[in-house]
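Listed below, chain by chain, are the residues.
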Amino acid sequence: MTDSQGRVLIIAGSDSSGGAGIQADIKTCAAFGAYTMTAITAVTAQNTVGVQAVEMMPATLVKQQIESCLSDIGADVVKIGMLGTKEIIEVVAEAVDELDAFVILDPVAVATSGDALLDEDALEVLRDKLLPLADLVTPNVPEAELLTGLNIEDVDDLTKAGDVLLEKGVYAALMKGGHLSGKSVVDVLVSEEGANIMSGPRLHTRHTHGTGCTLASAVAANMALGLDLDEAVMRAREFVFEAIRSAPGFGSTKGHGPLNHGLALMEEEEAETPAGKNPFAALKGLTT
């Protein structure tokens, strides 16, 4: 554990509804006590039902945001989310190349609602130029299939896809199995040390908007605060589970509601959520 507050630079898009993207990233890092900076790649008009509009930022502006943060405050961890265009991917790859920070790539291609968030011509650039620079990549099943070309139907396939990503130069891959069928949700952390298979109960709920952003940012926050990768992933998974379980219930009944990102900020004994007593209380203070 470091003596000072960990620094996380988030490179991602803005979600006007607050459930995913930059907003979810900031709230998640704050819950763990990490300091967050941002480089916004896109402004979206969206809610729990879908994405109504997207305005991409000029790649030069994205580059300037990154350089402003790194040249002054610096970063212990860089977490990369929605990038959208090949031009933005190229400037981000240039910025993190040779950077003395742990780089987490959440290869956002499709929103929870099903809306595309990555141009088709950008996928090849992401795969060839940015992926090899990542210390950790965190794809879900559809994203892993896009990155590897494999058909993923079970945990073994998920592990094989992770091995393919390591062959492409990634240090480790957190392969998220939420899209697979089964009573449990199984994620696999694949690294040169092998495959760490992590299983947890599946919550049957529509409140899953921003789970990918939240998980990657929770890992980023814990890594910035000095935890090793396995411990950071374990605590991030715990946080996401409880954030889903105690979701506030906002949004259309036809949409995917946001998570409860404020868990660690609640009073340990007195806080109440729609699910009852604060379920994250046992983890309160885990970064101190």
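To be clear, the structure that these remarks concern was listed above.
Residues numbered from 1 in each chain as written. Predicted model: local features only at pLDDT ≥ 70, side-chain atom pairs only at ≥ 80, totals over all residues. Heavy atoms only, no water.

1. What about the sheet that holds strand β7 (residues 172–175)?
Heads up, the rule is: By this definition, two strands are paired if DSSP reports at least two bridges between them. Numbering goes from the N terminus for both helices and strands, where a helix is a DSSP run of H or I of at least four residues and a strand is a run of E of at least two. Whether two residues are in contact is decided by their heavy atoms, any of which lying within 4.5 Å being enough. Axis lines are fitted to C-alpha atoms, over the contacting stretch for helices. Their N-to-C directions set the angle, which ranges from 0 to 180 degrees.
Strand order across the open sheet formed by 9 strands is β3-β2-β1-β4-β5-β6-β7-β8-β9, with mixed pairing between neighbours. Bordering the open sheet on either side are β3 (51–56) and β9 (194–201), each of which pairs with just one other strand. Helix α7 (residues 211–224) contacts β1 (7–15), β4 (77–80), β5 (102–105), β6 (136–137) and β7 of the sheet and is inclined by roughly 175 degrees relative to β4.

2. Side note on the side chain of Thr-41
Quick note on the threshold: Working definition: with a 1.4 Å probe on protein chains only, accessible area under 20% of the residue-type maximum means buried, over 50% means exposed, and in between means partly exposed.
The residue Thr-41 is located in strand β2 (residues 35–46) in this model. According to the relative accessible area criterion, Thr-41 is buried, its value standing at 0%. Not counting residues within four places of it along the chain, the set of residues in contact with Thr-41 comprises Ile-11, Ala-12, Gly-13, Met-56, Met-57, Val-62, Met-82, Leu-83 and Ile-88.

3. Some thoughts on the nonpolar core
Stated precisely, the cut-off is as follows: Only buried residues count toward a nonpolar core, which is a set of Ala, Val, Leu, Ile, Met, Phe, Trp, Tyr and Cys residues joined through side-chain atoms within 4.5 Å.
Counting 47 residues, the largest nonpolar core has Ile-11, Ile-80, Leu-83, Val-92, Leu-130 and Met-175 as its most contacted members. With 6 residues, the single largest contributor to this core is helix α3 (residues 86–96). Counting residues in each nonpolar core, the second largest holds 36 residues, with Ala-12, Val-77, Ala-218 and Val-233 among its members.

4. Describing the pairing of β9
Here strand β8 (residues 184–191) pairs with β9 via 8 bridges, running antiparallel. The residue of β9 that forms the bridge with Val-188 is Ile-197.

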